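Coordinate inspection notes
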Amino acid sequence: MEYVTILVVSFLSATVLPLGSEALLLFYAAQEANSLVLLWSWATIGNSIGAVTTWLLGAYLTRFEGRRWFPVDSKKRIKAEYYFNRYGVWSLLFTWLPIIGDGIALAAGVFRTSLWYFIPLVVLGKASRYALILWGQHLIYAG
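A brief look at the structure comes next.

**Re the layout of surface pockets**
Counted as a void, the largest pocket has a volume near 240 Å³. Residue lining of the largest pocket: 18 residues in total, with Ser13, Leu19, Pro98, Ile99 and Asp102 positioned closest to the centre. When its residues are assigned to classes, the lining of the largest pocket shows nine nonpolar, five polar and four charged. In terms of lining residues, the second largest pocket is bounded by Leu61, Trp69, Phe70, Pro71, Val72, Arg77, Ala80, Leu106, Ala107, Val110 and Phe111. Only helix H4 (74-88) and helix H5 (100-110) provide two or more residues apiece to the lining of the second largest pocket. Taken together, the residues of the lining of the second largest pocket sort by class into 10 nonpolar, no polar and one charged.

**Section: the environment of Leu24**
For Leu24, the location among the structural elements is in helix H2 (residues 22-29). As for Leu24 and Ala142, which are separated by 118 residues in sequence, their C-alpha atoms are 20 Å apart. Those residues in contact with Leu24 that sit more than four places away from it in its chain are Thr5, Ile6 and Val9.

**Thoughts on unusual backbone geometry**
Of note, the phi angle at Ile99 is positive, near 65 degrees, even though the residue is not glycine. Mapped onto the elements, Ile99 comes out in the loop between H4 and H5.

**Remarks on the nonpolar core**
In terms of nonpolar packing, the biggest core is built from 14 residues, with Trp55, Phe84, Leu92, Ala108, Phe118 and Val122 touching the most fellow members. When residues of this core are traced back to their parent elements, those giving at least two are helix H3 (36-61), H5 and helix H6 (115-142). Looking at this core element by element, the count peaks at four residues for H5. Residues in contact with Trp55, not counting those within four places in the same chain, are Ala105, Ala108, Gly109, Arg112, Thr113, Leu115 and Phe118. Counting nine residues, the second-largest nonpolar core is a separate cluster that includes Tyr28, Ala29, Ala43 and Tyr130.

**Digging into the pattern of salt bridges**
Applying the stated criterion across every chain, the model contains two salt bridges. Of the charged contacts, one joins Glu22 and Arg129 as a salt bridge, the two residues approaching to 2.9 Å between their closest N and O atoms. With Glu22 in helix H2 and Arg129 in helix H6, the pair connects residues that are 107 residues apart, well separated along the chain. When its relative accessible area of 27% is taken as the criterion, Glu22 is described as partly exposed. The partner of Arg77 in a salt bridge is Glu81, with the nearest N and O atoms 2.3 Å apart. Pair noted here: Arg77 and Glu81 are both in helix H4, with a separation of four residues, about one helical turn.

Here is what the cut-offs are and how they apply
- Residues numbered from 1 in each chain as written.
- Predicted model: local features only at pLDDT ≥ 70, side-chain atom pairs only at ≥ 80, totals over all residues.
- Heavy atoms only, no water.
- 1 Å grid on protein atoms, 1.4 Å probe; cavity = no way out; pocket = protein on both sides within 12 Å on 5 of 7 lines; lining within 4 Å.
- Points joined across faces, edges and corners; volume = space filled by probe spheres on them.
- Nonpolar A, V, L, I, M, F, W, Y, C, P; charged D, E, K, R; others polar.
- Helix = DSSP H or I, 4+ residues; strand = E, 2+ residues; numbered from the N terminus.
- Contact = heavy atoms within 4.5 Å.
- Core = buried A, V, L, I, M, F, W, Y, C linked by side-chain atoms within 4.5 Å.
- Buried < 20%, exposed > 50% of the residue type's maximum accessible area, 1.4 Å probe, protein only.
- Salt bridge = Lys/Arg side-chain N within 4 Å of Asp/Glu carboxyl O.

Here it is in structure tokens:
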């Protein structure tokens, strides 16, 4: 049950909902009955799928680009898209950051960043973050 819970909470944490999965991950990791590798895997998978969901939301928002209330006009969006896809793709490694990360994933969707770049960079960033959290907890309890 813990693995399903960490998957769901990690997923929701990577969407626009204001949740955090780190405390729950640490709580479950402190229980010896749970596999750290499985907790890390499910947290990474859930958080990555949540980022893809945010990317899809960004891609969907472009349908409203011509509307008066849309925050960016077409010319500026196309220019920003060019620069983001040319130079900013590496920022996808930081989609794990609170608040900012959701914005990066949303922008990547609006700018239609290729999922061939998006998914590996996002998974690498999120997997590294969860590994560091679990490693840090291990160091604290081992010392």
